[in-house]
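Listed below are the residues making up each chain.
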Amino acid sequence: VRFANGTLRRPESLRFTVYRNRDTAHPRKRHRRILVSETDRLCYVGHNFGSEVMKCNSLCRYFIGVLDKDSGQMEVYNAEIFNMQPLLSGALSSCSCLIPSAWRKEDPFTPARCEEHFIRGCGCGMNDGVCALLGAQGALMCVCLAQMDLCIEAFGTSKQKRALSSRRMNAVGNDIVSTAVTKAAANIIDAKGVTALMQDAAQDDVQTISAFLPPCHEDADRPEHVYKFEDILSPAEYEALRVPATTLASATAEDITKKVEERSHCSFVLEELKFLPTDEKSRDHKARCLWFLDTLIKFSHLKVIKKKHPMGPECPHIISRKLMKNFTSLTYNNGSVQNLISASMKAKITAYVIILALHINNFQTDLTILQNDMKLQESRILDIAKALRLKVSKAKGVPGLENDQNHKLGTLSLPLPVVKVPAGQRKRKKMN
């Protein structure tokens, strides 16, 4: 859990209760949970459904590992993050049974149903008629709140009396909160302006995307300086590629034809081998880049890395270490730690492949060929290309390749396109 209004000082003072939907047959409702946390002063509520649910649970998966110190083995469980919101309204905090509107519409709740589905009463000690369902608010409230407060003051336990006192101290009118929020928002807009706020939002999106992208130098005066070659391959790594790239640099026309027939390399590399420069230095440089690009693409097709040298003995040790360190994530399975190529890591590999292809092809490359080599959907590689600030256009592909009439061309040129803030999820096309 995480609390929306601050951090914990005394975690041991919290008491948690989890409620689940009783409709286990429904494919969506059976996964819905409500988490209630009580302290001596406030009550907090979080849920995993609705418009206010945290998006991080749908973007990735969370796990909790419990390590047995005696056996040295760890058990891994699925987990969700709940955003705990404080209940400031007096009516809501007087009864800890919150009913989601989706459940309320299908189940005709009564006080007995409330007790059956969630908790044993609301704590007031009275009989039927105390609890009633207020559909407009979607929650169970006590219609005799004043009488219940009097009962607690006269006959309640010390815990109930502390909760009553705390509720009264923290009671905040909805109108006061709404007015304060509106005034604060107006002050921020007046101070910074709408344009500055939109730029801040766009910058936040850029920082989120750039976690898996090569370093981008937006103030560069030339395309080759936007994504520097040294950020893709360090001098030591580049030098280590000299030996394995020799086979590509020395390939003759017959060798290239044989490689095409055997499909020993990806389509991008096989096509570029036909246009190796005659100059020895330029030929060696392009061969090294092609060898590393081909290795990245082959590495992206793996899922779980079980070998110490997954790309074979001909791959230099420094390159193997780079692949394992920068393009895999650690996972715990069957008592051992494994390296996994997750979806986010594959997106990172795709970004590095695109940048390397741009350096090879004078900062213009065929994205469709790379898409087919990496076995990606077109929308996926186009999203990554746009995140890299490339201009995407249609072009005619190389004859003989798949979909040679409808290829996408990515170009890195200055000035860089402005990153657009996503307007929301794409609308699904209607099927006629």
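About the thresholds
- Residues numbered from 1 in each chain as written.
- Predicted model: local features only at pLDDT ≥ 70, side-chain atom pairs only at ≥ 80, totals over all residues.
- Heavy atoms only, no water.
- Helix = DSSP H or I, 4+ residues; strand = E, 2+ residues; numbered from the N terminus.
- Contact = heavy atoms within 4.5 Å.
- Areas by Shrake-Rupley, 256 points an atom, 1.4 Å probe, with all protein chains shown as cover.
- Buried < 20%, exposed > 50% of the residue type's maximum accessible area, 1.4 Å probe, protein only.
- Pairing = 2+ DSSP bridges.
- Phe/Tyr/Trp six-rings, centres within 6.5 Å; stacked < 30°, edge-to-face > 60°.
- Lys NZ or Arg CZ within 6 Å of the ring centre and 35° of its normal.
- Axes fitted to C-alpha atoms, helices over the stretch in contact; angles between N-to-C directions.
- Polar contact = N/O pair within 3.5 Å; in protein donor to acceptor, adjacent residues only side chain to side chain.
- Core = buried A, V, L, I, M, F, W, Y, C linked by side-chain atoms within 4.5 Å.
- Patch = residues over 30% accessible without salt bridge, like charges linked within 9 Å, V, L, I, M, F, W, Y side chains within 5 Å.
- Salt bridge = Lys/Arg side-chain N within 4 Å of Asp/Glu carboxyl O.
- Left-handed = near helix turned anticlockwise from the far one by under 90°.

Topic: the overall build of the chain
So, step 1. Looking only at helices and strands, the chain features 18 helices and 15 strands.
So, step 2. Sequence-distant contacts in the chain: of pairs separated by 6 or more residues, those separated by 24 or more amount to 56%.
So, step 3. With an accessible surface of roughly 27100 Å², the chain has 52% of that area assigned to carbon and sulfur atoms.

With respect to unusual backbone geometry
So, step 1. Following Leu 414, the chain continues into Pro 415 via a peptide bond in cis, with omega recorded as -5°.
So, step 2. The topology assignment puts Pro 415 in the segment after strand E15 (407–411).
So, step 3. For Phe 363, which is not a glycine, the phi torsion comes out positive at approximately 65°.
So, step 4. Here Phe 363 shows up in the loop between helix H16 (343–360) and strand E13 (364–366).
So, step 5. On the basis of relative accessibility, which here comes to 11%, the residue Phe 363 falls in the buried class.
So, step 6. One non-glycine residue, Arg 389, lies in the positive phi region at around 70°.
So, step 7. With respect to the element layout, Arg 389 can be found in the loop between helix H18 (378–387) and strand E14 (391–395).

A short note on the sheet that holds strand E10 (residues 304–305)
So, step 1. Spatially, three strands are ordered E10-E12-E11 in an open sheet, and the strand pairing comes out antiparallel. For this open sheet the edge positions go to E10 and strand E11 (329–333), each flanked by a neighbour on one side alone.
So, step 2. Examined bridge by bridge, E10 and strand E12 (residues 336–340) share two bridges and lie antiparallel to one another. Residue pairing for E12: Val 304 is matched across the bridge by Leu 340.

Brief notes about the packing of aromatic side chains
So, step 1. Under the defined criterion, the tally for this structure stands at three aromatic pairs.
So, step 2. Seen from their ring centres, Phe 3 and Tyr 44 are 5.0 Å apart, and the 85° between their planes marks the pair as edge-to-face. Here Tyr 44 lies in strand E4 (residues 43–47) and Phe 3 lies in strand E1 (residues 2–3), a separation of 41 residues in the sequence.
So, step 3. Assessed through its relative accessible area of 10%, Tyr 44 is described here as buried.
So, step 4. Between the NZ or CZ atom of Arg 288 and the centre of the ring of Tyr 238, over which it lies, the distance is 4.5 Å.

A closer look at the sheet that holds E13
So, step 1. Spatially, E13-E15-E14 is the arrangement adopted by the three strands of the open sheet, whose pairing is antiparallel. If you trace the sheet from one side to the other, it starts and ends with E13 and E14, each paired once. Ignoring strand direction, the axes of neighbouring strands in this sheet form an average angle of 30°.
So, step 2. Relative to E15, E13 runs antiparallel, the two sharing three bridges. Note that in E15 the partner of Thr 365 across the bridge is Gly 410.

Focus: the side chain of Thr 328
So, step 1. Its place among the elements puts Thr 328 in the loop between helix H15 (317–326) and E11.
So, step 2. Once you skip the residues sitting within four places of it in the chain, Thr 328 turns out to touch Phe 299, Ile 305, Leu 323, Asn 339, Leu 340, Ile 341 and Met 345.

Quick look at helix H17 (residues 367–374)
So, step 1. Counting buried residues along H17, seven of its eight residues qualify, which places the element largely inside the surrounding structure.
So, step 2. Looking only at H17, the buried set comprises Leu 367, Thr 368, Ile 369, Leu 370, Gln 371, Asp 373 and Met 374.
So, step 3. The distance from a side-chain oxygen at the start of H17 to the backbone nitrogen of Thr 368 is 3.0 Å, and the residue carrying that oxygen is Asp 366.
So, step 4. Looking one or two residues beyond H17, the residue adopting positive phi is Lys 375, at roughly 60°.

Observations concerning the pairing of strand E3 (residues 33–38)
So, step 1. Here strand E2 (residues 15–20) pairs with E3 via six bridges, running antiparallel. What sits directly across from Tyr 19, in E3, is Ile 34.
So, step 2. In terms of strand pairing, E3 meets E4 through five bridges, oriented antiparallel. Of the residues in E4, the one forming a bridge with Leu 35 is Gly 46.
So, step 3. The turn joining E3 and E4, which pair antiparallel and follow one another in sequence, is formed by four residues.

With respect to the nonpolar core
So, step 1. One finds Phe 268, Leu 293, Phe 299, Ile 354 and Leu 388 to be the most contacted residues of the largest nonpolar core, which totals 61 residues.
So, step 2. Every element with two or more residues in this core is listed here: helix H9 (229–232), helix H11 (246–249), helix H13 (267–272), helix H14 (280–300), H15, H16, H17 and H18.

Overview of a nonpolar patch on the surface
So, step 1. Residues Ile 64, Val 66 and Tyr 77 make up a contiguous nonpolar surface patch of about 280 Å² in total accessible area.
So, step 2. Among the structural elements, Val 66 can be located in strand E5 (residues 62–67).
So, step 3. By relative accessible area, which is 44% here, Val 66 ends up partly exposed.

A few points about the packing of H16 against H18
Two packed helices can be described by the angle between their axes and the distance between those axes.
So, step 1. For the pair H16 and H18, interaxial distance at closest approach is 10 Å and the crossing angle is 65°. Like other packed secondary-structure pairs, H16 and H18 cross with a definite hand, here right-handed. Contact residues: H16 offers Ala 343, Ala 347, Thr 350, Ala 351 and Ile 354, while H18 offers Arg 380, Ile 381 and Ile 384.

Comments concerning the pairing of E4
So, step 1. Of all five residues in E4, four are buried; the element is thus mostly enclosed.
So, step 2. Here E4 runs beside strand E7 (residues 83–86); their pairing, made up of two bridges, is antiparallel. Note on E7: the bridge partner recorded for Tyr 44 is Pro 86.

Some thoughts on the environment of Ser 267
So, step 1. With respect to the helices and strands, Ser 267 occurs in helix H13.
So, step 2. On the basis of relative accessible area, Ser 267 is assigned to the partly exposed category, the value being 22%.
So, step 3. Separated by 105 residues in sequence, Ser 267 and Asn 372 have C-alpha atoms that sit 8.4 Å apart.
So, step 4. With residues near it in sequence (within four places) discarded, Ser 267 still touches Ile 369 and Asp 373.

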